[in-house]
Amino acid sequence: MDTKKILRVIAGAGVTGAVAAGVWGACIEPHLFTVRHQTCPVLPPGSRPLRVLHISDLHVAPWQKHKINWVRSLAQLQPDLVINTGDNFGFNSLETVIHTLNPLTAFPGIFVFGSNDFHGPAVKNPARYLMGPSEVKESEPDLPADDLRRALTLRGWNFVDNRNATVEANGLTVRASGVGDAHMNNAHLSAQHPSFQPGADLNVGVTHSPYSASVDALIDAGAHIVFAGHTHGGQIRIPGYGAPVTNCDRPRDEARGLFTRLGVPVHVSAGLGFSIFAPVRFACPPEVTLVKLVTRES
């Protein structure tokens, strides 16, 4: 085989591989919903384990029936506590979001909002995503965030955007302190907030986007563990390299999963969805995490 034929074969193989990767990322992997399992020793000695279901970046739209049914089925896990770190809307349909999350509201819950609970998705240049964190336009919300907050609160969940709450879960007293989404300049940090009241079995910090200022403030206030989302795990990961970006100031190796910051565990969910204008995930399947919190002596 001469050189030209070899080059044509290589080029053809490259095109075939690119097409296969595109089909996988657009049509297959976005439906490979996964429950990850983590164990984290943060509870005081003698405490019962606490099973926390961390769900984030749902970005659900009415036509995503597979995702809706899968999330509803998570109630079968019987978690002790649900933590939702925001970006629930993929489309302006309050009914769809409530229907999707409703079975999980049978369990104690804590939630914050991300920018896509206030502002609907917009067409953006995907190349800009690789150049730095995306921008959120300062405009009036066009999504029914207040209606979603009321609906989830009426169902028993606790909203902690820039506020605190106390939750009883599996016999444990959980103090939650939340920080608003720093990605949309909604993180209200001060000497008074975040804060945790004394006497809890567990202090939980919650925020949507894991910017260092928000995470560090929660840790400095006394959080035993911090939960966040926003990054989508990179959404399109490069095998052998990982996430090219995190859409915030987290380093690439902290785009998803459990890591330690200032001696405190931080869990960043890779999330369940994507913008309807960028419906692709690659080497980063949509996920929730069931985090089993155990005693430090374990």
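Please read these numbers as outputs of a predicted model, since none were measured by experiment. (Residues numbered from 1 in each chain as written. Predicted model: local features only at pLDDT ≥ 70, side-chain atom pairs only at ≥ 80, totals over all residues. Heavy atoms only, no water.)

**Overview of the side chain of Asp-181**
Thinking step 1. With respect to the helices and strands, Asp-181 occurs in the loop between strand 7 (172–179) and strand 8 (202–207).
Thinking step 2. The buried category is assigned to Asp-181, whose relative accessible area is 0%.
Thinking step 3. In this structure the side chain of Asp-181 is engaged in a polar contact, spanning 2.9 Å, whose partner is the backbone nitrogen of Ser-115.
Thinking step 4. A distance of 2.6 Å separates polar atoms of two side chains, one belonging to Asp-181 and the other to Ser-209.
Thinking step 5. Filtering out sequence-adjacent residues up to four positions away, Asp-181 remains in contact with Phe-113, Gly-114, Ser-115, Asn-186, Ala-187, His-208 and Ser-209. (Helix = DSSP H or I, 4+ residues; strand = E, 2+ residues; numbered from the N terminus. Buried < 20%, exposed > 50% of the residue type's maximum accessible area, 1.4 Å probe, protein only. Polar contact = N/O pair within 3.5 Å; in protein donor to acceptor, adjacent residues only side chain to side chain. Contact = heavy atoms within 4.5 Å.)

**Quick look at the sheet that holds strand 11 (residues 264–268)**
Thinking step 1. Pairing in this open sheet of six strands is mixed, and the strands run 6-7-8-9-11-10 from one edge to the other. The two strands at the open ends of the sheet, each matched to only one other strand, are strand 6 (164–169) and strand 10 (257–261). Neighbour-to-neighbour, the strand axes of the sheet open up by a mean angle of 25°, direction not taken into account.
Thinking step 2. In this structure, strand 10 lies alongside strand 11, joined through five bridges in antiparallel fashion. Paired with Phe-259 across the bridge in strand 11 is Val-266. (Pairing = 2+ DSSP bridges. Axes fitted to C-alpha atoms, helices over the stretch in contact; angles between N-to-C directions.)

**Considerations on the layout of surface pockets**
Thinking step 1. The volume enclosed by the second largest pocket comes to roughly 210 Å³.
Thinking step 2. Residue contributions to the lining of the second largest pocket peak at three residues, all from helix 2 (residues 65–73).
Thinking step 3. Broken down by class, the residue content of the lining of the second largest pocket amounts to eight nonpolar, three polar and two charged. (1 Å grid on protein atoms, 1.4 Å probe; cavity = no way out; pocket = protein on both sides within 12 Å on 5 of 7 lines; lining within 4 Å. Points joined across faces, edges and corners; volume = space filled by probe spheres on them. Nonpolar A, V, L, I, M, F, W, Y, C, P; charged D, E, K, R; others polar.)

**Describing the side chain of Ser-269**
Thinking step 1. Assignment of secondary structure puts Ser-269 in the loop between strand 11 and strand 12 (287–295).
Thinking step 2. A distance of 3.0 Å separates a polar atom in the side chain of Ser-269 from the backbone nitrogen of Gly-271.
Thinking step 3. Setting aside its immediate chain neighbours within four residues, Ser-269 contacts His-54, Ser-56, Ala-228, Gly-229, Thr-231, His-232 and Glu-287.

**Notes on the packing of helix 3 (residues 94–101) against helix 5 (residues 145–154)**
Thinking step 1. Between helix 3 and helix 5, the least distance of the axes is 10 Å, while the angle of their chain directions is 25°. It follows that helix 3 is roughly parallel to helix 5 by the angle criterion. For the pair helix 3 and helix 5, the sense of crossing is right-handed. Judged by residue contacts, Leu-94, Val-97, Ile-98 and Leu-101 of helix 3 engage Asp-147, Leu-148, Ala-151 and Leu-152 from helix 5.
Thinking step 2. Taken together, the residues of the contact of helix 3 with helix 5 break down into seven nonpolar, no polar and one charged. (Parallel < 35°, antiparallel > 145°, perpendicular 65-115°, else oblique. Left-handed = near helix turned anticlockwise from the far one by under 90°.)

**A word on the packing of aromatic side chains**
Thinking step 1. Scanning the entire structure with this criterion turns up seven aromatic pairs.
Thinking step 2. Ring geometry for Phe-33 and Trp-70: centres 5.3 Å apart, planes at 25°, overall stacked. One end of the pair, Phe-33, is in the loop between helix 1 (3–28) and strand 1 (34–43); the other, Trp-70, is in helix 2, and 37 residues separate them in sequence. Each member of the pair, Phe-33 together with Trp-70, is buried.
Thinking step 3. Ring geometry for Phe-111 against Phe-159: centres 5.1 Å apart, planes inclined by 45°, an arrangement best described as tilted. Placement of the pair is Phe-111 in strand 4 (residues 109–111) and Phe-159 in strand 5 (residues 158–159), with a sequence separation of 48 residues.
Thinking step 4. Within the aromatic cluster, the residues linked to one another by ring pairs are Phe-111, Phe-113, Phe-118, Trp-157 and Phe-159.
Thinking step 5. Directly above the aromatic system of Tyr-241 lies the positively charged group of Arg-252, at a separation of 3.8 Å from the ring centroid. (Phe/Tyr/Trp six-rings, centres within 6.5 Å; stacked < 30°, edge-to-face > 60°. Lys NZ or Arg CZ within 6 Å of the ring centre and 35° of its normal.)

**Re the pattern of salt bridges**
Thinking step 1. A complete count under the given rule lists five salt bridges for this structure.
Thinking step 2. Close ionic contact of Arg-36 with Glu-287 constitutes a salt bridge, the shortest N to O distance being 2.2 Å. In this pair, Arg-36 is assigned in strand 1 and Glu-287 in strand 12, connecting sequence segments 251 residues apart.
Thinking step 3. Since its relative accessible area comes to 31%, Arg-36 is described here as partly exposed.
Thinking step 4. In this structure, Arg-250 and Glu-254 form a salt bridge, with 2.7 Å as the shortest nitrogen-oxygen distance. When sorted by exposure, Arg-250 lands in the same class as Glu-254, which is buried. (Salt bridge = Lys/Arg side-chain N within 4 Å of Asp/Glu carboxyl O.)

**Examining the packing of helix 2 against helix 3**
Thinking step 1. At a minimum axis separation of 7 Å, helix 2 and helix 3 run at an interaxial angle of 35°. Counted together, Ile-68, Val-71 and Arg-72 of helix 2 and Thr-96, His-99, Thr-100 and Leu-101 of helix 3 form the full contact between these two elements.
Thinking step 2. Along the lines of polarity and charge, the residues of the contact of helix 2 with helix 3 split into three nonpolar, three polar and one charged.

**A look at unusual backbone geometry**
Thinking step 1. A cis amide bond, omega 5°, links His-193 with the succeeding residue Pro-194.
Thinking step 2. Along the polypeptide, Pro-194 turns up in the loop between strand 7 and strand 8.
Thinking step 3. You will see that His-232, though not glycine, has its phi angle at about 60°, which is positive.
Thinking step 4. With respect to the secondary-structure elements, His-232 resides in the loop between strand 9 (225–228) and strand 10.
Thinking step 5. Positive phi, close to 60°, is recorded for Asn-247, a residue that is not glycine.
Thinking step 6. Position of Asn-247 among the secondary structure elements: in the loop between strand 9 and strand 10.

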